[in-house]
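Geometric and topological summary
Chain by chain, the residues run as shown.
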Amino acid sequence: MQESWRTAIARKKPSLPLRKILSLYGFPKTSIILDFGCGRGRDYQHLLALGYDAYGYDPHFQPVKPSNAFDIVLCTYVLNSREKEVEAEIIEEIKSFCRPKAEIYITVRSDLKSDTKTQRFVECPEGFEIRIKTKAFLTYHKVIS
Ligand SMILES: C[S@@+](CC[C@H](N)C(=O)[O-])C[C@H]1O[C@@H](n2cnc3c(N)ncnc32)[C@H](O)[C@@H]1O
């Protein structure tokens, strides 16, 4: 974890997964959105600029945990930067930020050859469906009951 923050790049524009999710699905304008593991914050700033009520949380860059419950939680390129052992714990924490019927979008990289970190979660754990698949990433989706 101590080193995971180093993987957060400075983005000049919003991430490709966010742009893809927005173009394919959009979100209701009234949505309250959390970017969990937001890194340097480019994606949630883009959502703010679009008029959404958006927040970022990142243990290194933005360590204050929001107290809100969210309609949508995005988690982009976080799990592939962490150890397999903490994956379930992170997913549970994501769920703790969700309102009933909230939507979670978890994106992991799929463009690396490594058979370790980046290839997991690809099996799509029970309850998640693969919503977007590209050469570069996979986005998993779940609606909280
Ligand atoms: C590859 S960066 C991705 C940042 C951002 N989502 C983006 O796409 O630009 C991975 C981020 O995950 C964060 N991270 C690591 N462990 C985390 C955890 N348990 N909960 C939330 N964020 C975490 C790191 O601090 C780091 O900023």
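Source: prediction; values computed, not measured.

For the rest of this paragraph, the subject is the sheet that holds strand E3 (residues 70–76). Strand order across the open sheet formed by six strands is E2-E1-E3-E4-E6-E5, with mixed pairing between neighbours. The strands lining the two open edges of the sheet, one partner per strand, are strand E2 (53–57) and strand E5 (129–133). Averaged over all neighbouring strand pairs, the angle between strand axes comes to 20°, with direction disregarded. Here helix H2 (residues 42–49) sits on the sheet and contacts strand E1 (32–36), E2 and E3; the angle it forms with E2, its principal contact strand, is near 170°.

Okay, H2 next. Listing the buried residues of H2 in full gives Asp43, Tyr44 and Leu47. Summarising the axial view, the buried residues of H2 lie within an arc of 95°, below the 170-degree limit, and thus occupy one face. Close packing links the buried residues of H2 with helix H1 (16–24), E1, E2 and E3. Trailing H2 by a residue or two, Gly51 shows a phi angle of about 100°, which is positive.

This part is about unusual backbone geometry. Here the phi dihedral of Tyr77 falls at roughly 60°; this positive angle occurs in a residue that is not glycine. Residue placement: Tyr77 occurs in the loop between E3 and helix H3 (87–96). Owing to 19 C-beta atoms within 10 Å, Tyr77 belongs among the partly exposed residues under this scheme. Unlike most non-glycine residues, Lys101 shows phi in positive territory, near 70°. Judged by the 9 C-beta atoms lying within 10 Å of it, Lys101 falls in the exposed class.

Around the ligand, the surrounding shell holds 21 residues, and the nearest of these are Trp5, Thr7, Ala8, Gly37 and Gly39. Class assignment of the residues belonging to the shell around the ligand gives a composition of 10 nonpolar, eight polar and three charged.

Burial runs high along E3: seven of the seven residues are buried. Relative to E3, E1 runs parallel, the two being bridged by three bridges. When the bridges of E3 are listed, Leu34 appears paired with Val73. Relative to strand E4 (residues 98–109), E3 runs parallel, the two sharing six bridges. Considered in E4, the bridge of Phe70 is made with Cys98. Once you follow E3 into H3 and on to E4, the crossover reads as right-handed.

Below, the discussion takes up the pairing of E4. Where E4 lies against strand E6 (residues 137–143), seven bridges are found, and the strand directions are antiparallel. Within E6, the position partnered with Ile106 by the bridge is Tyr140.

Moving on to the environment of Ile106. Turning to its location among the elements, Ile106 is positioned in strand E4. Residues Ile106 and Phe128 lie 22 residues apart in sequence; the distance between their C-alpha atoms is 9.1 Å. Apart from the residues within four sequence positions on either side, Ile106 is in contact with Cys75, Leu79 and Tyr140.

What counts and how
- Residues numbered from 1 in each chain as written.
- Predicted model: local features only at pLDDT ≥ 70, side-chain atom pairs only at ≥ 80, totals over all residues.
- Pairing = 2+ DSSP bridges.
- Helix = DSSP H or I, 4+ residues; strand = E, 2+ residues; numbered from the N terminus.
- Axes fitted to C-alpha atoms, helices over the stretch in contact; angles between N-to-C directions.
- Contact = placed C-beta atoms within 7 Å.
- Buried ≥ 20, exposed ≤ 12 C-beta atoms within 10 Å, placed from the backbone.
- Arc of directions from axis to C-beta.
- Near = placed C-beta within 6 Å.
- Nonpolar A, V, L, I, M, F, W, Y, C, P; charged D, E, K, R; others polar.
- Right-handed = clockwise from strand over helix to strand, strands pointing away.

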